[in-house]
Amino acid sequence: MGAGVLASFRWLDAYWFSRLGLYLERADNTARILDVKYHLLLPANERVGGPLDYFQWAAILRSVSALTAYHWVYRENVKPWLIADLLILRDEMPRSLASCYDNLVHNLDYVARAYGRQGPAQRRARAIRTRLENSRMEEIFQKGLHEFISEFISDNNQLGAAVSEQYLM
């Protein structure tokens, strides 16, 4: 291989791995923002659905640049289960967990083609993506949003470790 070809592979490696890092981190941040609001922020003496709760959920949407998108998609007042739906399951929302995993699967496919092999990282990313595709907000809230997010964060961290082991060690 010529020096130019090797240089382009190095550039592409840097690009694809930076994309993987971006989507892993974005998914982690979105999940943690949702978990903190749902699990910790509302004081015990405040009622769910009250003014403080509404303000905090709207602030969460603003923090991920999604308040306008929320109103375009749902055309309703801010509701926690709809915010969770937007930030977890909606592919068209760039910061959603589903969108992040769609991008992770695609980027891992590019890396696999470049390296000529697939492995645990691709399988793990596809499994998480499939779980998100098959999830419904009613089921997530029924089982517990905090539990769902905690499991997701753990799986996301394991994917990062799998990518590292498969390609960087």
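Residues numbered from 1 in each chain as written. Predicted model: local features only at pLDDT ≥ 70, side-chain atom pairs only at ≥ 80, totals over all residues. Heavy atoms only, no water.

1. Details of the packing of helix H6 (residues 120-134) against helix H8 (residues 145-168)
When two helices pack together, you describe them by how their axes are tilted relative to each other and by the distance separating the axes.
Consideration 1: Interaxial distance between H6 and H8 falls to 8 Å at its minimum, and their mutual angle equals 160°. Taken as axis vectors, H6 and H8 run roughly antiparallel relative to one another. Crossing of H6 against H8: the hand is left-handed. Between H6, through Pro120, Ala121, Gln122, Arg124, Ala125, Ile128, Arg131 and Leu132, and H8, the contact on the second element is made entirely by Phe148, Glu151, Phe152, Asp155, Asn156, Gln158, Leu159, Ala162, Val163, Gln166 and Tyr167.
Consideration 2: Among the residues making up the contact of H6 with H8, the classes are represented as eleven nonpolar, four polar and four charged. (Axes fitted to C-alpha atoms, helices over the stretch in contact; angles between N-to-C directions. Helix = DSSP H or I, 4+ residues; strand = E, 2+ residues; numbered from the N terminus. Parallel < 35°, antiparallel > 145°, perpendicular 65-115°, else oblique. Left-handed = near helix turned anticlockwise from the far one by under 90°. Contact = heavy atoms within 4.5 Å. Nonpolar A, V, L, I, M, F, W, Y, C, P; charged D, E, K, R; others polar.)

2. Observations concerning the environment of Ile33
Consideration 1: Its place among the elements puts Ile33 in helix H1 (residues 3-41).
Consideration 2: The spatial distance from the C-alpha of Ile33 to the C-alpha of Leu61 is 9.8 Å, given a sequence separation of 28 residues.
Consideration 3: Excluding its chain neighbours within four sequence positions, the residues that come into contact with Ile33 are Ile60, Ser63 and Val64.

3. Description of the confidence of the model for the protein
Caution applies to low-pLDDT parts of the model: their predicted coordinates are not meant to be read in detail.
Consideration 1: Overall, the prediction assigns the protein a mean pLDDT of 85, with 83% of residues at 70 or greater.
Consideration 2: Within the protein, the element-level pLDDT minimum falls on H1, averaging 77, and the maximum on H6, averaging 97. (pLDDT = per-residue confidence, 0-100.)

4. Concerning unusual backbone geometry
With the exception of glycine, most residues fall at negative phi, and the peptide bonds are largely trans.
Consideration 1: The backbone of Ser65 sits at a positive phi, close to 50°, despite the residue not being glycine.
Consideration 2: Tracing the sequence through the fold places Ser65 in the loop between helix H2 (51-63) and helix H3 (67-74).
Consideration 3: You will see that Arg75, though not glycine, has its phi angle at about 50°, which is positive.
Consideration 4: Following the sequence through the fold, Arg75 ends up in the loop between H3 and helix H4 (80-88).
Consideration 5: According to the relative accessible area criterion, Arg75 is exposed, its value standing at 68%. (Buried < 20%, exposed > 50% of the residue type's maximum accessible area, 1.4 Å probe, protein only.)

5. Some words on the side chain of Ser96
Consideration 1: For Ser96, the position within the fold is in the loop between H4 and helix H5 (97-115).
Consideration 2: Not counting chain neighbours up to four residues away, the residues in contact with Ser96 comprise Leu86, Leu87, Ile88, Arg90 and Asp91.

6. Focus on the packing of H3 against H4
Consideration 1: Look at H3 against H4: their axes get within 11 Å of each other, and the N-to-C directions meet at 105°. By the angle between their axes, H3 is roughly perpendicular relative to H4. For the pair H3 and H4, contact is made by Tyr70, Val73 and Tyr74 and by Leu82, Ile83, Asp85 and Leu86, respectively.
Consideration 2: When grouped by side-chain class, the residues that make up the contact of H3 with H4 number six nonpolar, no polar and one charged.

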